[in-house]
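Coordinate analysis (summary)
For reference, the chains in residue letters:
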Amino acid sequence: MKEFWDERYAEPDYVYGKAPNKYFKRKLDEIQPGKILFPAEGEGRNAVYAAKRAWKVSAFDISKEGREKALKLANSEDVEIDYQVGKLADMDYKAEQFDVIALIFAHFSPEDKQSYFAEFRNLLKPGGVIIFEAFSKEQIDVQKENPKSGGPKNAEMLFSKEELQTSFSGFKFEEFEDKLIELSEGKYHNGKAAVIRFVATKP
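Numbering of residues starts from 1 in every chain and runs along the sequence as written. The predicted origin of the model limits local features to residues at a pLDDT of at least 70 and limits the giving and counting of side-chain atom pairs to 80 or more, whereas totals for whole chains, interfaces and linings rest on all residues. Only hydrogens and water are removed before side-chain values are computed, so all heavy atoms of the structure are retained for them.

UniProt positions are given in the numbering used here, feature names are shortened, and annotations may be inferred rather than shown by experiment. UniProt feature "domain: Methyltransferase" (unreviewed entry): in the numbering of this structure it lies at residues 41–128. Between the end C-alpha atoms of residues 41–128 the distance is 19 Å, and the span holds 40% helix and 25% strand. Working definition: helices are DSSP H or I runs of at least four residues, strands are E runs of at least two. Numbering for both runs from the N terminus.

Let us now look at the nonpolar core. Nonpolar side chains tend to gather and get buried jointly when the protein is soluble and globular. Counting 33 residues, the largest nonpolar core has Phe24, Ile36, Phe38 and Val57 as its most contacted members. If you tally residues by element for this core, the top one is helix α3 (residues 45–52), at 5 residues. Here, nonpolar core refers to any group of buried Ala, Val, Leu, Ile, Met, Phe, Trp, Tyr and Cys residues whose side-chain atoms link them within 4.5 Å. For each residue, the accessible area found with a 1.4 Å probe, counting protein chains only, is set against the maximum for its type, and the residue is called buried under 20%, exposed over 50%, and partly exposed in between. Grouped together as the second largest cluster of nonpolar side chains are 26 residues, Phe60, Phe108, Phe120 and Phe168 included.

As a further point, take the environment of Arg8. With respect to the secondary-structure elements, Arg8 resides in helix α1 (residues 2–9). Considering only alpha carbons, one finds Arg8 and Ile81, 73 residues apart in sequence, at a separation of 22 Å. In this analysis, two residues are considered to be in contact whenever any of their non-hydrogen atoms come within 4.5 Å of each other. Excluding residues that lie within four positions of it along the chain, Arg8 makes contacts with Val15, Tyr16 and Tyr188.

Here the phi dihedral of Ala40 falls at roughly 50°; this positive angle occurs in a residue that is not glycine. Mapping Ala40 onto the fold places it in the loop between β1 (35–39) and α3. A residue is classified by how much of its surface remains accessible, and Ala40, at 25% relative accessible area, is partly exposed. In the Ramachandran plot, Ala54 falls in the positive-phi region, its phi being about 80° despite a non-glycine side chain. Its relative accessible area of 60% is what places Ala54 among the exposed residues.

What follows is the structure in structure tokens.
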């Protein structure tokens, strides 16, 4: 997967655009700034937006090419972000460090997904918030109709509401949607797509 993402992010354009994800932006704007974590942050569009809104930003991704473009974007917007390269186990984050964890199209390998979710629970402060938008398992069929919408081809990397409710059991879900939307994010997220999105608060 690292080689795939390094090759994609080595393209000259920002392949998912420079603007933040619309759902993430709308939800973040409702929260007082604090410390926020961006797993699988790619080229930095959401992290840079948060930094511009006075959040203290931490991010990580397996792609060094993604990091380089994210730091370039941050520099162009005159903000700072802490962006590390590696997997979650390589990071030195502390328990209850973050007020928000933003999981925006963060599709992890099947072998990592559940351990990552368990650790995200640990990294979030009590009263902290998960902002989540990613492709649902229905995206496999949507891809056949609209290949430009993007997303993993491996169904085990996609999400179901039941899986997420189990992974974040005990959290208070402020909203939880499983729906078709129209994406317009750079070169690789376009047109009709099947997503799950939620905001949930840690008890």
